[in-house]
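# Structural overview
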Amino acid sequence: MNLWDKGFEPDRLIEEFTVGNDRELDLSLARHDVEGSMAHIRMLQSIGLLEKEELDTLLEGLEEIHARILAGDFRIEDGVEDVHSQVEFMLTAKYGDLGKKIHSGRSRNDQVLLDLKLFMRDELKRVSEAVERLFNRLLLLSDEHKEDLMPGYTHLQVAMPSSFGLWFGAYAESLADDMQMLVAAYNIANQNPLGSAAGYGSSFPLDRGMTTRLLNFADMHYNVVAAQMSRGKTERAVAMAVAAIASTLAHLAMDVCMWICPDFAFISFPDELTTGSSIMPHKKNPDVFEIMRGKCNRLQAIPNEVALLTANLPLGYNRDLQLLKDITFPATDELVKCLDMAEFMLRHIRIRKNILDDKKYDYLFTVEDVNRLVLSGVPFRDAYRQVGMQVQRGEYKPTRELHHTHEGSIGNLCNDRIRDKFRSVINRIS
Ligand code: ARG
C-alpha cells in the first residue's frame, strides 16, 4: 500500500526497481524523520491546522516510534515504500484519520530533504570527532618525536633532514585544512528546507522560522526552489569534505606502507597488528594500511559519482536523487572507521632511532653545509659549487649540524599554533 494510493497498486516489478535498497538506507533516517515530524506538527498546531489535543496525541505516538527506533525495534515493512510512509502508516494504524493529518503542508520531497540535512549534520559531527581524535594522536606523536630525525625526500631521492616530529605534524596540520571543507559542508547542511514542500511551497501559512528554531538549524533555505536544489548540492559538499579527509589519510597510509618496508624500516608495529602470508613464513605485512589506502582512494571518487548522478537534472525533484543515499551513506561511516583505525594503529607505532647515522644519508646535510658557508660570507652560488664539487669527488663530509629555527621547521614545529588553528576550525561546528 502506498501513501499515494489512488485505487491502483503499481506492478511489483516497478516497485522493486524503484525502491531497490532504499528501505534499508532509510533506516538511517528514521530517527530524524520522526524528529522532523514532531517539529512540523508543533508548527501545524501553532498555525491552527491541528488542535492542541490532536498535537499531544500525535506527539505521544511519535515519541513511541522514536523510542522503538532507538531500541532497534523499527522496520520498514515489505510493500511500504519508504521510512516516511512507514511512520505515517504506524500513526494511522494507531489513531485512524488523525494520523493522516501530519502531512498537511509537507511533501515527501521536503521531508526526505529535511531528514538528510539532519542526518548529514550528525554524520559530519561524527566525522569531525574522529578527525579530532586522529589529530590529537598525530600532534602528540609529533611532540614526542620532535628530536627523532628521518630522511626527507624529493623525487623519492634523499633530499634534506626531516623528522618524525615534522612527519606526524604535517598530517595533523593537513587535517586542519580538510576540516575547513567539512565546516563548509556542515554549514550547507545546517539549513532548514522544511516548508518548501514539493519544491514550490504551500498555500498554508507555514511558520518556517519556527521549525528552523525547533530543529536547531542555523538558518533556512528561503527560496523554496533553492531548498529543493540543495538536494544533491548538500551531498556534493559532504562528498567533497569526505574526499578531502580521505585523500590526507590515503597519503598517510601510503607513507606508512613505505616506511614499514624492510628496505626503509623506519617504523614498525607490534606483530599482532600486522598480517602474514600463506606461503612466505617471514612476512609481516601492513595490510591495515593497504586496506585504508584503498578505501580512502575509493572515497575520493564519490564527489565524481555525485556530480555525474546529478548532472543536468531538470529543476525540481527527480527520483534519481534517491540514489544519492547509496553513495553518501556508507561513505561517512567508512571514513570514520578508517580514521579510528589510523588512530588505533598510531597508538602502537614504533620509531627507529638514529636512522640518519647510516652513511647513505650523509648527503641530507649538503644544504646545511652550503648555508654555513653562506653565513661565513661566501656567495650562495660559490658555496653551492664548493659543496657540489666535494660530493662529485667523493670527498664530502657532513657536519651534521642543524640550525632550522624558523616557524614550522625541524627545530621549531609550532605545534601549539597548529593546535590553535585546528580548534578554531572545529569550533565552528556546533
Ligand atoms: N525515497 C524518495 C527519495 O529518497 C522519497 C521522496 C519521494 N518523493 C517522490 N516524489 N516520489 O527521494
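As a reminder, the structure under discussion sits directly above these lines.
The structure reproduced in this document is the subject of the present report. Values in this document were obtained by computation on a predicted structure and should not be read as measured data. The residue numbering used here restarts from 1 in each chain and proceeds along that chain's sequence as written. Where totals are concerned, whole chains, interfaces and linings use all residues; where local detail is concerned, this predicted model gives features only for residues with pLDDT of at least 70, and gives and counts side-chain atom pairs only at 80 or more. Excluding hydrogens and water, the side-chain figures rest on all heavy atoms present in the structure.

## Observations regarding the site of the ligand
Around the ligand lies a shell formed by Asp 22, Asp 82, Arg 108, Asn 109, Val 112, Arg 231, Tyr 317, Gln 322 and Lys 325. Note that a nitrogen atom of the ligand is positioned 2.9 Å from one of the side-chain N or O atoms of Gln 322. In short, Shrake-Rupley with a 1.4 Å probe defines the accessible areas, and a residue's cover is counted only from the protein chains shown. Here the ligand, which alone exposes 340 Å², has 85% of that area covered by the protein. Numbering goes from the N terminus for both helices and strands, where a helix is a DSSP run of H or I of at least four residues and a strand is a run of E of at least two. Examining the composition of the shell around the ligand, we find that three residues originate from one element, helix H6 (residues 108-144), more than from any other. Tallied by class, residues from the shell around the ligand come to two nonpolar, two polar and five charged. Residues are classed as near a molecule or strand on a simple rule: at least one heavy atom within 4 Å of it. Pairs of N or O atoms within 3.5 Å make up the polar contacts considered here, provided that, within protein, one atom can donate a hydrogen while the other can accept it, and that residues adjacent in sequence are counted only when both atoms are side-chain atoms. The nonpolar class holds Ala, Val, Leu, Ile, Met, Phe, Trp, Tyr, Cys and Pro. Asp, Glu, Lys and Arg form the charged class, and all remaining residues, Gly among them, are polar.

## What to know about unusual backbone geometry
A positive phi is found at His 155, a non-glycine position, where the angle reads about 55°. As for its position among the elements, His 155 is in the loop between strand E1 (149-154) and strand E2 (157-163). Relative accessible area decides the class of each residue, using a 1.4 Å probe on protein chains only: under 20% of the type maximum gives buried, over 50% gives exposed, and in between gives partly exposed. A relative accessible area of 75% places His 155 in the exposed class. The residue Asn 354 is not glycine, and still its phi comes out positive at about 55°. Turning to its location among the elements, Asn 354 is positioned in the loop between strand E6 (350-351) and helix H13 (366-375).

## Quick word on the packing of H6 against helix H15 (residues 415-426)
Two elements in contact, H6 and H15, have axes separated by 11 Å at closest approach and are oriented at 175°. Taken together, the axes of H6 and H15 are roughly antiparallel relative to one another. Each of Ser 128, Val 131, Glu 132, Phe 135, Asn 136, Leu 139, Leu 140, Ser 142 and Asp 143 in H6 lies in contact with H15, whose residues at this interface are Asn 415, Ile 418, Arg 419, Phe 422, Arg 423 and Ile 426. Partitioning the contact of H6 with H15 into residue classes produces seven nonpolar, four polar and four charged. Orientation is described by lines fitted to C-alpha atoms, with helices fitted over the stretch in contact, and by angles between N-to-C directions that extend from 0 to 180 degrees. When describing relative orientation, an angle under 35 degrees is termed roughly parallel and one over 145 degrees roughly antiparallel, while 65 to 115 degrees is termed roughly perpendicular and anything else oblique. Whether two residues touch is decided by their heavy atoms; if any such pair falls within 4.5 Å, the residues are in contact.

## What about the environment of Asp 255?
For Asp 255, the position within the fold is in helix H9 (residues 224-260). Its relative accessible area of 12% is what places Asp 255 among the buried residues. Taking the C-alpha atoms as reference points, Asp 255 and Gly 394, separated by 139 residues in sequence, lie 31 Å from one another. Residues within four places of Asp 255 in sequence aside, it is in contact with Trp 167 and Tyr 171.

## Structural notes on H9
In a regular helix each residue adds 1.5 Å, so 37 residues correspond to 54 Å; H9 covers 54 Å between its end C-alpha atoms and thus fits that length. Among the 37 residues of H9, 27 are classified as buried, and the element is accordingly described as predominantly covered. At the N-terminal boundary of H9, the capping side chain belongs to Asn 223, with an oxygen 2.8 Å from the backbone nitrogen of Val 225. Take the residue count of a helix, subtract one, and multiply by 1.5 Å to get its expected span.

## Some details on the packing of aromatic side chains
The geometry of two aromatic rings is summed up by the distance between their centres and the angle between their planes. Two rings belonging to Phe, Tyr or Trp (six-membered ring only in the last case) form a pair when the distance between their centres is within 6.5 Å. Interplanar angles under 30 degrees mark stacking, angles over 60 mark edge-to-face geometry, and anything in between is tilted. Inspection of every chain in the model, using the stated rule, returns 16 aromatic pairs. Centre to centre, the rings of Tyr 363 and Tyr 396 are 6.0 Å apart; their planes meet at 35°, and the pair counts as tilted. Here Tyr 396 lies in the loop between helix H14 (380-392) and H15 and Tyr 363 lies in the loop between E6 and H13, a separation of 33 residues in the sequence. The exposure class of Tyr 363 is partly exposed, given its relative accessible area of 42%. What makes Tyr 396 buried here is its relative accessible area of 7%. Aromatic side chains Phe 380 and Tyr 384 sit 6.3 Å apart centroid to centroid with 40° between the ring planes, which places their arrangement in the tilted category.

## As for the pattern of salt bridges
Within this document, salt bridges are pairs made up of a side-chain nitrogen of Lys or Arg and a carboxyl oxygen of Asp or Glu, the two lying within 4 Å of each other. This model, assessed by the stated rule, comprises 31 salt bridges. Two residues, Glu 343 and Arg 347, come together in a salt bridge whose shortest N-O distance is 2.8 Å. With Glu 343 and Arg 347 both in helix H12 (residues 324-347) and four residues apart, the pair spans about one turn of that helix. Overall, the relative accessible area of 45% leaves Arg 347 in the partly exposed class. Across the salt bridge formed by Arg 393 and Glu 395, the nearest N and O atoms sit 3.2 Å from each other. Classification of Glu 395 by relative accessible area gives partly exposed; the value is 44%. One connected set of salt bridges, linked through shared partners, spans Glu 81, Asp 82, Arg 108 and Arg 319.

The values reported here are purely geometric and, on their own, carry no functional implication.
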